[in-house]
Amino acid sequence: MNHRSHVILEKDLQDALTNDEFHLYYQPKVDLTYGELIGAEALIRWKHPERGIISPGEFIPLAEDTGWIISIGEWVLRSACLQLKEWEFSELDSITMSVNLSVRQLYQPDFLEIIRGIIEETRVNPEKLELEITESMMMDIDFAYTILRELKNMGFQVSIDDFGKGYSSLHYLKKLPIDKIKIDQSFIQHCTRDLNDATIVKTMIVMAHQLNFQVVAEGVEKEDHIVFLQRNLCDEAQGYLFSPPVAAYDFLTTVRNVNKVVEKHGLTNDDVVKKKWMEEEVRTARQELLETVREQQGMTLKYVKRDGRFIHTLCDGELLYRMGLTPEQVVGRELKEFLPSDLAADKVRYYEQAWNGTDKVTYEAEVNGIHYIASLRPLTKGGSVVEVIGSCVDITERKKVEEALRKNEEKHRFITENISDLIKVVNVKGIVEYASPSHEEVLGFQADMYKGERIYDYIHPDDAELVRYEFNQLLVTKQVRRATYRHKHSDGYWVQVDAKGTPVLDEDQKITHAVVVARDVANTQS
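These remarks concern the structure in this document. (Residues numbered from 1 in each chain as written. Predicted model: local features only at pLDDT ≥ 70, side-chain atom pairs only at ≥ 80, totals over all residues. Heavy atoms only, no water.)

Some points on the pairing of strand E6 (residues 157–163)
Of all 7 residues making up E6, 5 are buried, and the element is well covered by its neighbours. As defined by bridge partners, strand E5 (residues 129–134) adjoins E6 across 5 bridges and the pair is classed as parallel. When the bridges of E6 are listed, Glu-130 appears paired with Gln-157. Assessed by its sense of winding, the connection that carries the chain from E5 through helix H6 (residues 141–154) to E6 is right-handed. Sheet topology places E6 next to strand E7 (residues 180–183); 3 bridges connect them, and they run parallel. Within the sheet, the bridge partner assigned to Ser-159 lies in E7 and is Lys-180. (Buried < 20%, exposed > 50% of the residue type's maximum accessible area, 1.4 Å probe, protein only. Helix = DSSP H or I, 4+ residues; strand = E, 2+ residues; numbered from the N terminus. Pairing = 2+ DSSP bridges. Right-handed = clockwise from strand over helix to strand, strands pointing away.)

The structure is reproduced here in structure tokens:
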């Protein structure tokens, strides 16, 4: 376009929206498995009052440069939503609508607010809308991720249009929340004649499926394209073989013809294709299972016995990585190949028990500082064990708590065994529930002898009334009380002690126990 024409077209572009010169055409999208129409892509056309139809390739770049694409893009999305709403009351009620987004739209500050406004205005279910973006929009991947994640949260499907043509990067494919990739028509046109294009298309399909994306082929124009795409398990297709873009009033008629194309030229009843799809479903299910296993907090493992050796066929989960291991280090190997020999030998005993048919084998183990409980269950076929499946749960934190409690208990035991103070814990009825080991050293009686006895039973009869009075005062006042009295020794004489009773209160400030600490007066004075 020369400069003068460019200026004239730019001026006309400003008036096109106001004068209702833009129109939407719709190109069918077909499911290649069942040969049925499942969606439509909305494509803009400009009917210029003097020049007639102007192709998008001519005015879209101009709209991008001038910024008018933002208003045009908003009009396209709103118009497509209104058409989709209208089709809800016809036999097209189940199809989805695809709409292309421009770079400027995606990066405008109020883009998400505009999208929400259109959805609320048209009352369209966003799950029936597919927003198509191009690879060039991925230059700022962090920003793109934020926007696309919001769109996904709103319910939209997201696809990468013209895949392989632009800024190709596997990095954004693994990171971005997308549902489909659309293989650019330049690869489809010669895929049945050019070995390189065929290889590229096959690779794209396999890669997309591995990443759990669906694949749409653009530019399908020949009968042999359908067969090629079906044999390689492409999910959807669109192109002139099915139908060129048509106006909304012609779309319903087009649908009836579209549904016959795959039946006529494709392999809908081909056993080879069915087998491949079944294999693909099995592969997908296995992939999803492996991903689920990998994301679990624990660890799942499986093993078989070959030539007397236990070989792991599966091992994954977050716990495995915390142990400092990976599935690649475990799968296909026996225990001694990735564990210290002593630990491997110990675990083999449990592996053997499960393989011999013991219904449930449980054991605790530790690998690289990580403690876990493992449970093994044999899986049988025809009465014989064919493999064993195990699940492991991390108990490292529990072990840390148990160890802390053990050390704390040892510390308190050391203290109580090495102090000369006489310590008793009695309930509100005056019954002894605990006596410290020091009683044996000071009074000659073993500590266990006092449990279940009344606190007064070993006190001199002349002092028992005083002790009873002080104990009752402790219960009434909830205050610390003191008393000096004579305590019986196992050799028959009396030891004078100085005692202090301290009340123990619960959350309701009620006394539950009293702690009595007594000392031999003679030893104290010395």
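Examining the environment of Val-386
Relative to the elements of secondary structure, Val-386 occurs in strand E15 (residues 384–394). Residue class for Val-386 comes out partly exposed when judged on its relative accessible area of 40%. In sequence terms Val-386 and Val-304 are 82 residues apart; their C-alpha atoms lie 6.7 Å from each other. Look past the residues within four positions of Val-386 in its chain and what remains in contact with it is Val-304, Trp-355, Leu-379, Thr-380 and Lys-381. (Contact = heavy atoms within 4.5 Å.)

Observations concerning the sheet that holds strand E12 (residues 309–316)
Paired through backbone hydrogen bonds, the strands of a sheet run either parallel or antiparallel to each other. The 5 strands lie next to each other as E12-E11-E15-E14-E13, forming an open sheet whose pairing is antiparallel. With one partner strand each, in any of the chains shown, E12 and strand E13 (361–367) form the two edges of the open sheet. Across the sheet, the mean angle separating the axes of adjacent strands is 30 degrees when strand polarity is ignored. Judged from the 5 bridges that link them, strand E11 (residues 299–306) and E15 form a sheet pairing that is antiparallel. Looking at the pairing, Leu-301 lines up with Gly-390 of E15. Taken strand by strand, helix H15 (residues 341–355) contacts E11, E12, E13, strand E14 (370–381) and E15, and its axis lies near 160 degrees from that of E13. (Axes fitted to C-alpha atoms, helices over the stretch in contact; angles between N-to-C directions.)

Some thoughts on the packing of helix H3 (residues 69–87) against helix H5 (residues 111–122)
Look at H3 against H5: their axes get within 10 Å of each other, and the N-to-C directions meet at 25 degrees. Compared by their axis directions, H3 and H5 come out roughly parallel. Of the two possible hands of crossing, H3 and H5 adopt the one that is right-handed. Of H5, the residues touching H3 (which contributes Glu-74, Leu-77, Arg-78, Cys-81, Leu-82 and Lys-85) are Ile-114, Ile-115, Ile-118, Ile-119, Glu-121 and Thr-122. The residue makeup of the contact of H3 with H5, split by class, is 7 nonpolar, 1 polar and 4 charged. (Parallel < 35°, antiparallel > 145°, perpendicular 65-115°, else oblique. Left-handed = near helix turned anticlockwise from the far one by under 90°. Nonpolar A, V, L, I, M, F, W, Y, C, P; charged D, E, K, R; others polar.)

So, the environment of Ala-483
Residue position: Ala-483 is located in strand E18 (residues 481–488). Residue class for Ala-483 comes out buried when judged on its relative accessible area of 11%. C-alpha separation for the pair Ala-483 and Val-467, spaced 16 residues apart in sequence, amounts to 6.6 Å. Sequence-distant contacts of Ala-483, that is, excluding residues within four places in its chain, are made with Glu-470, Val-497, Asp-498 and Ala-499.

Things to note about the packing of helix H10 (residues 223–231) against helix H11 (residues 248–265)
Relative to each other, H10 and H11 sit at 75 degrees, their axes nearing to 9 Å. Classified by the angle their axes make, H10 and H11 are roughly perpendicular. Contacts between H10 and H11 involve Glu-223, Ile-226, Val-227 and Gln-230 from the first element and Val-261, Val-262 and His-265 from the second.

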